[in-house]
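# Coordinate analysis (summary)
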Amino acid sequence: VIILALLSSYSRGPTLVLVVITFSLVFTLGGARAIKGALICALGAVTLYIIFSRIPELRDRFGFVFGMGFGSYGASKSRLIEWGIVIKWLLKSPGVLLFGAGFQNFQYFVHLQEQVGELEHAHHTLLQISAEEGLVGLVIFLAWLVSICRWLIRWRRTIIDKTDRMIPGIFLSLML
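So, here's what we can say about the structure. All of these numbers come straight from a predicted model, not from anything done at the bench.

### Details of the overall build of the chain
- Looking only at helices and strands, the chain has nine helices and zero strands in total.
- Ordered by position in the sequence, the α and β elements of the chain form the string α-α-α-α-α-α-α-α-α.
- For the chain, with 176 residues in total, the buried portion stands at 28%.
- Put simply, 53% of the contacts in the chain that link residues at least 6 apart link residues at least 24 apart.
- Carbon and sulfur atoms make up 69% of the accessible area of the chain, which totals about 11,600 Å².

What follows is the structure in structure tokens.
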């Protein structure tokens, strides 16, 4: 499903997700399965590279894979600049920095009303949460993620059967 989303949406996000999940699952499976998983991962990477190099639209969008910078879209380069603008604005606005502009108000408050940068959405989860829920919301969100990961690790340690031990590891992979 992720590969189909990658090819149909021209988004770089599924690429990162695919890499992280693959490596995480390789370590989760362990042993001989890990070697098979690493080989499958390498085969998949070569296949994706060949597909990306053959389709011009994908080659432009994923130019960073071929050493062509950020591609013709330039979205990633401009996002870095815009993130800096939003971070500077957050640091100048202590109320918004602490408590946020409100859930799903990035586009309406930050972009339209305050006219901070050109981004309609932050395109960065931690920055989006910081702008909408403030540092308080960001800390709560990160604490929630850490508590789930700790619970999964503790759950994995209590399971005796090797096959059942993979279940929490797979959930950890999905959390990553």
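### Some remarks on helix α8 (residues 125–158)
- Taking 1.5 Å per residue as the helical rise, α8 with its 34 residues ought to reach 50 Å, whereas the 32 Å between its terminal C-alpha atoms falls clearly short.
- Where α8 bends most, the angle comes to about 125°, and this point is E133.

### Side note on the environment of H121
- With respect to the secondary-structure elements, H121 resides in the loop between α7 (106–113) and α8.
- Owing to a relative accessible area of 39%, H121 belongs among the partly exposed residues under this scheme.
- The sequence separation of H121 and Q104 amounts to 17 residues, and the corresponding C-alpha distance is 9.4 Å.
- Dropping the residues within four chain positions of it, H121 is found in contact with F106, Q107 and Q128.

### A look at the packing of helix α2 (residues 13–29) against helix α9 (residues 162–175)
- Running from amino to carboxyl end, α2 crosses α9 at an angle of 160°, the nearest separation of the two axes being 9 Å. What the angle tells us is that α2 and α9 run roughly antiparallel. The handedness of the crossing between α2 and α9 comes out as right-handed. Residues I21, S24, L25, T28 and L29 of α2 touch α9, and the partners they reach there are M166, G169, I170, S173 and L174.
- The residue makeup of the contact of α2 with α9, split by class, is six nonpolar, four polar and no charged.

### Examining the environment of K36
- Among the secondary structure elements, K36 is positioned in helix α3 (residues 31–54).
- A residue is classified by how much of its surface remains accessible, and K36, at 56% relative accessible area, is exposed.
- Spatially, the C-alpha atoms of K36 and V26 are 8.3 Å apart, while their sequence positions differ by ten residues.

### What to know about the nonpolar core
- Among the nonpolar cores identified, the biggest contains 13 residues, and V86, W89, L90, F106, V110 and L127 are the most heavily contacted of them.
- Listed by contribution, the elements that provide at least two residues to this core are α5 (75–92), α7 and α8.
- When residues in this core are grouped by element, the largest group, four residues, is from α5.
- If near-sequence neighbours (up to four positions away) are discounted, L90 is found in contact with V96, L97, L127, S130 and A131.

Each value, and the rule that gives it
Residues numbered from 1 in each chain as written. Predicted model: local features only at pLDDT ≥ 70, side-chain atom pairs only at ≥ 80, totals over all residues. Heavy atoms only, no water. Helix = DSSP H or I, 4+ residues; strand = E, 2+ residues; numbered from the N terminus. Buried < 20%, exposed > 50% of the residue type's maximum accessible area, 1.4 Å probe, protein only. Contact = heavy atoms within 4.5 Å. Areas by Shrake-Rupley, 256 points an atom, 1.4 Å probe, with all protein chains shown as cover. Expected span 1.5 Å × (residues − 1). Bend = angle between axes of the 7 residues up to and from the residue. Axes fitted to C-alpha atoms, helices over the stretch in contact; angles between N-to-C directions. Parallel < 35°, antiparallel > 145°, perpendicular 65-115°, else oblique. Left-handed = near helix turned anticlockwise from the far one by under 90°. Nonpolar A, V, L, I, M, F, W, Y, C, P; charged D, E, K, R; others polar. Core = buried A, V, L, I, M, F, W, Y, C linked by side-chain atoms within 4.5 Å.

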